[in-house]
Amino acid sequence: MSNKMWGGRFGESPDAIMEEINVSIDVDQHLYAQDIAASKAHASMLAAQGIITSNDAKNIVAGLDTILSEIGKGGFTFKRALEDIHMNVESRLGELIGPAAGRLHTARSRNDQVATDFRLYVRDTIDQTDRALASFQRALVDRALEHADTVMPGFTHLQTAQPVTFGHHLLAYVEMAARDRGRFQDARKRLNESPLGAAALAGTSFPINRNATAAALGFDRPMANSLDAVSDRDFVLETLSAAAITAVHLSRFAEEIVIWTSPLVGLVKLSDKFTTGSSIMPQKRNPDAAELVRAKTGRVIGALNALLIVMKGLPLAYQKDMQEDKAGAMEAFAALSLAVRAMTGMVLDLEPDAARMKVAAGEGYATATDLADWLVRTLKMPFREAHHVTGRIVAKAAEDNLPLHKVPLAAMQAIEPRITSEALEVLSVQASVESRTSYGGTAPDNVREQAKGWFKRLEKEEGAA
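All figures in this text were calculated on a predicted structure; none of them were measured in a lab.

**Here we look at the overall build of the chain**
Okay, step 1: The secondary structure content of the chain amounts to 18 helices and 6 strands.
Okay, step 2: For a compact globule of 465 residues, the expected C-alpha radius of gyration is about 23 Å, and the chain comes in at 30 Å, more than 25% above that figure.
Okay, step 3: Across the 465 residues in the chain, those meeting the buried criterion constitute 46%.
Okay, step 4: Residue pairs at least 24 apart in sequence account for 75% of intrachain contacts in the chain once pairs closer than 6 positions are excluded.
Okay, step 5: In the structure as shown, the chain presents an accessible area of about 22500 Å², 53% of it carried by carbon and sulfur atoms.
Okay, step 6: Here the chain holds 52 positive side-chain charges and 58 negative ones, and the gap between their average locations is 2 Å.

What follows is the structure, encoded as structure tokens:
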């Protein structure tokens, strides 16, 4: 028996393997809310244009509301034989209201349906992600203000470089998250055009009003080209790209937490809330939440790569290959959502060991640049010469196994006679961070000012939402 939805041309049922590879309901059932919203907008437009009767439209909308309630309550049976969410909804609508259900598909195709549904889904995902990232930023800003004065080592090449404050380090991720949010918002602006009414690929001969359906669904405008409307998935690619960059930022922070919580480093601690134990080693406290955030980045990057590969060789317009656009993207968005929430929790949970951080900040001759800067500022020495002189003093400190601030003044003067005791005052880690007052620098007052500015910005955003 042929398929009742498209079987007029076919005299035999598809092979079981064909049914298995063709079915998408296991994935696109997650689009049910968007599919029903788009169908309601389409039905109302058809009635307003006189294409179907107002009574049919009223019955269609009422039936769709019933289906929405059934799915929401878990009382709807999705049938794999009906392939996708569109056919499942239409079939149930026919059971509820009879032949009038068949009028809903006038002047549209599953091609523009799925493109519309997925745009709505991705738009909803972007909005949810933006809210989650804002919460992440608020957590970071709160802890940054708390630790504006907490000194820690700053690293380059994972080697101790210069002292910074823990608050300054946390604010770096606030800035990254702001750019992440900006990328998602840019993607949202570009995707916010409606494919509905493009039909299969060429538009329709019915006198539809695409502006009306676009407005009803919150789109800025209908898409201008029917071929483009049904055949491109750049809105998913762009959103996945933003998601991949965000996931990389989270992964970098997660990696730092893994390093910092190691007993060999011991800069921060996580509580039982975000760590696990070992089945064999009772002493272990593993930073599994951070490790899993780091790992989930692969899912997000993988989904982006997979969809790029799917799309790269497709001629216009719609191709069945594009059925593979949703599963990976949905999994990636879910992974990112979980990662953001986990990182937010860890930010609020972690406790820095301020004493250990301060000691570590002074290790590795971290204030050597401060000495070089003093030579330039006070002795008017060219920086390259100051760099060389400071390097010789560091070598002397290493030879005598002394921290830089414990090198005797006489030993320094043996290398550069003009050095005075004033130079010793710049060599403490506290003096180092307090001196970094340039815009964007790590000075505690800078950190407090930046954190308070972010509080105001986030509060303003929340008030405007």
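Further notes follow.
**Examining a nonpolar patch on the surface**
Okay, step 1: Residues Leu201, Leu227 and Leu316 make up a contiguous nonpolar surface patch of about 260 Å² in total accessible area.
Okay, step 2: Within the secondary structure, Leu201 is located in the loop between β3 (193-194) and α8 (210-216).
Okay, step 3: For Leu201, a relative accessible area of 38% translates into the label partly exposed.

**Re unusual backbone geometry**
Okay, step 1: Residue Ala317 is bonded to the preceding Leu316 through a cis peptide linkage, with omega at 5 degrees.
Okay, step 2: One non-glycine residue, Tyr365, lies in positive phi territory at about 55 degrees.
Okay, step 3: In this fold, Tyr365 is placed in the loop between α13 (354-362) and α14 (368-379).
Okay, step 4: Its identity as a non-glycine residue notwithstanding, Lys380 has a phi of 60 degrees, on the positive side.
Okay, step 5: With respect to the helices and strands, the residue Lys380 is situated in the loop between α14 and α15 (383-399).

**Section: the packing of aromatic side chains**
Okay, step 1: Throughout the structure, instances matching the rule amount to 5 aromatic pairs.
Okay, step 2: Ring centres of Tyr173 and Phe253 lie 4.3 Å apart, and the angle between their planes is 10 degrees; on these two criteria the pair is classed as stacked. With a gap of 80 residues between them, Tyr173 in helix α7 (residues 166-191) and Phe253 in helix α10 (residues 234-261) connect regions that are remote in the sequence. Comparing Tyr173 with Phe253, the two get one shared label, buried.

**Overview of the pairing of strand β1 (residues 151-156)**
Okay, step 1: Strand direction decides the pairing type here: β1 and strand β2 (residues 159-165), joined by 6 bridges, are antiparallel. Bridge pairing in β2 places Gly154 opposite Gln162.
Okay, step 2: The antiparallel pairing of β1 with β2 creates a hairpin that spans 2 residues between the two strands, and His157 there sits at a positive phi of about 60 degrees.

**Quick word on the packing of helix α6 (residues 110-146) against α7**
Okay, step 1: For the pair α6 and α7, the least separation of the axes is 9 Å and the interaxial angle reads 165 degrees. Relative to α7, the element α6 is oriented roughly antiparallel. Regarding α6 and α7, the two cross each other, and that crossing is left-handed.
Okay, step 2: A per-class count over the contact of α6 with α7 returns 17 nonpolar, 4 polar and 9 charged.

Parameters and conventions
Residues numbered from 1 in each chain as written. Predicted model: local features only at pLDDT ≥ 70, side-chain atom pairs only at ≥ 80, totals over all residues. Heavy atoms only, no water. Helix = DSSP H or I, 4+ residues; strand = E, 2+ residues; numbered from the N terminus. Rg over C-alpha atoms; globule rule 2.2 N^0.38 Å. Buried < 20%, exposed > 50% of the residue type's maximum accessible area, 1.4 Å probe, protein only. Contact = heavy atoms within 4.5 Å. Areas by Shrake-Rupley, 256 points an atom, 1.4 Å probe, with all protein chains shown as cover. Lys, Arg positive; Asp, Glu negative; His and termini not counted. Charge placed at Lys NZ, Arg CZ, Asp CG, Glu CD. Patch = residues over 30% accessible without salt bridge, like charges linked within 9 Å, V, L, I, M, F, W, Y side chains within 5 Å. Salt bridge = Lys/Arg side-chain N within 4 Å of Asp/Glu carboxyl O. Phe/Tyr/Trp six-rings, centres within 6.5 Å; stacked < 30°, edge-to-face > 60°. Pairing = 2+ DSSP bridges. Axes fitted to C-alpha atoms, helices over the stretch in contact; angles between N-to-C directions. Parallel < 35°, antiparallel > 145°, perpendicular 65-115°, else oblique. Left-handed = near helix turned anticlockwise from the far one by under 90°. Nonpolar A, V, L, I, M, F, W, Y, C, P; charged D, E, K, R; others polar.

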